[in-house]
Amino acid sequence: MGIIQKAKQNPKWNYSFSICATWAGAGSLIVGILMLQQFGVIPFLLWALGNTLCCVVFGIFAGKLPVLRKIFTSPIVKIIIGFMCVFQLWINMSGIHDSLMIINSTLALIVTYFFAIGFLFLFLKFAMFKNVLTDDFSWKIVYVLIFILVLVSISTNGVSIPSAGMNQEGLTLGVQRFFTLIVGAFFYPYFWELFEFNEKQKEGVKKVNMTKCFVLGGMLFGIYISFVFLLGMTSFSPGLEIMKGILLSLIALSSLTSFIYSIYISFGNKLGFAVNAAGMIGWYYLIPLGIMGVWNAMQDTRFILIVGTIFISLIWSKYTEKKGNKSYEYYQKEN
């Protein structure tokens, strides 16, 4: 039995690694290190906790409240989410680009567009399990690389203990990021599609407990973020900076693929191709902003939209419960 067929028979861990890889993104490494070094341990832990619980919270609520799926997969919300995915496209293209700038600026641009355009065409057909497997493979390499980087950097350059971060600015930021991150996954079309793909056993992939996959994905992310914490307490020689750049590019690439596919989910193949292509072209003019500039622009806007959508979902849920219509199948028949 080949690797792909074996994965189709028991895809639980493939899904879990893909969930973790998709959620991580380029910002998780850069923002995590900056949070620890600039604001201290407590703000970092608040940020990390919101990050880690996000996939768990999403998996539980998406599995238990079918009305959420009705709302978040409705045509209007899918379009809104699809345009938000363009921000993620930019963040992760910036992640690949910025990580390779230490080698050569022209090479960084070429490599970024090479991967972006390659996956743009690869995901035109039968994209879901291709994305699951590429995420799974690349994320396992990420674990190996980040473990080696932590081990070598700490043994070579030692550890610098950060501040506790008990000042008002740090705590305020930590709490803010906790709440904006813990609901972030609700605006990931790929995550909603995973439930649909799993239930219908598309492409011959066996059905698993998708809620458990999201819980495992959150746990895998927690392991990864603990290594980010250790990286934030050490420093990097020029050689290690190159290794860190390769690590960042892999993290960004794993997330980039999922958002290219997410835009296809939101807009369909033809319009999705156009939105992806326009986003990739537009990114060229956003390069000076870097990862942090685009990430900050996206984060707060996404939180407001998600909270508003969840609020509508809860009201709708109460309304339908009074009518005695609770099943997801009912909501599907409505359309």
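How each quantity is defined
- Residues numbered from 1 in each chain as written.
- Predicted model: local features only at pLDDT ≥ 70, side-chain atom pairs only at ≥ 80, totals over all residues.
- Heavy atoms only, no water.
- Helix = DSSP H or I, 4+ residues; strand = E, 2+ residues; numbered from the N terminus.
- Buried < 20%, exposed > 50% of the residue type's maximum accessible area, 1.4 Å probe, protein only.
- Contact = heavy atoms within 4.5 Å.
- Areas by Shrake-Rupley, 256 points an atom, 1.4 Å probe, with all protein chains shown as cover.
- Axes fitted to C-alpha atoms, helices over the stretch in contact; angles between N-to-C directions.
- Parallel < 35°, antiparallel > 145°, perpendicular 65-115°, else oblique.
- Left-handed = near helix turned anticlockwise from the far one by under 90°.
- Salt bridge = Lys/Arg side-chain N within 4 Å of Asp/Glu carboxyl O.
- Nonpolar A, V, L, I, M, F, W, Y, C, P; charged D, E, K, R; others polar.
- Phe/Tyr/Trp six-rings, centres within 6.5 Å; stacked < 30°, edge-to-face > 60°.

Draft legend 1. Inspection of the overall build of the protein at higher detail. Looking only at helices and strands, the protein has 14 helices and zero strands in total. For the protein, the succession of helices and strands along the chain, N to C, is α-α-α-α-α-α-α-α-α-α-α-α-α-α. Within the protein, the fraction of its 335 residues that count as buried is 53%. Looking at the protein alone, contacts between residues at least 24 apart form 87% of all its contacts between residues at least 6 apart. For the protein, the exposed surface amounts to about 14800 Å²; the carbon and sulfur share of it is 69%.

Draft legend 2. The packing of helix H2 (residues 12–39) against helix H5 (residues 75–100), seen in detail. One way to put it is that H2 packs onto H5 with a least axis distance of 10 Å and a crossing angle of 55 degrees. It follows that H2 is oblique to H5 by the angle criterion. As for how H2 packs across H5, the hand of that crossing is left-handed. Contacts between H2 and H5 pair Gly25, Ala26 and Gly27 from the former with Ile91, Asn92 and Gly95 from the latter.

Draft legend 3. Spatial organisation of unusual backbone geometry. A positive phi angle, close to 50 degrees, is found at Gln201, a residue other than glycine. If you trace the backbone, Gln201 turns up in the loop between helix H9 (189–199) and helix H10 (210–231). Given a relative accessible area of 39%, Gln201 falls into the partly exposed group. For Glu203, which is not a glycine, the phi torsion comes out positive at approximately 60 degrees. Take Glu203: it is sitting in the loop between H9 and H10. What makes Glu203 partly exposed here is its relative accessible area of 28%.

Draft legend 4. Region of interest: the pattern of salt bridges. Tallied over the entire structure, the rule returns five salt bridges. Between Lys200 and Glu196 there is a salt bridge; the shortest N-O distance is 2.7 Å. Among the charged side chains, a salt-bridge network with shared partners connects Arg69, Glu196, Glu199 and Lys200.

Draft legend 5. Local environment of the packing of helix H7 (residues 127–157) against H9. Taken N-terminus to C-terminus, the directions of H7 and H9 make an angle of 115 degrees; their axes are 11 Å apart at the nearest point. The hand of the H7/H9 crossing is left-handed. Residues Met128, Phe129, Asn131, Val132 and Asp135 of H7 lie in contact with H9, whose contacting residues are Tyr190, Glu193, Leu194 and Phe197. Across the contact of H7 with H9, the residue classes tally to six nonpolar, one polar and two charged.

Draft legend 6. Geometry of the packing of aromatic side chains. Scanning the model with the defined rule gives 34 aromatic pairs in all. When the centroid spacing of 5.0 Å and the interplanar angle of 55 degrees are considered together, the rings of Phe58 and Phe214 count as tilted. Within this pair, whereas Phe58 is found in helix H3 (residues 41–64), its partner Phe214 is found in helix H10, the two being separated by 156 residues in sequence. As far as the burial class goes, Phe58 and Phe214 line up, both buried. Each ring, one from Trp139 and one from Tyr143, has its centre 6.1 Å from the other, and the planes form 80 degrees; the classification is edge-to-face. Taken together, the residues span about one helical turn, with Trp139 and Tyr143 both in helix H7 at a distance of four residues. Take Tyr143: its relative accessible area is 15%, and that puts it in the buried class.

No statement about biological role is implied by the geometric values presented.
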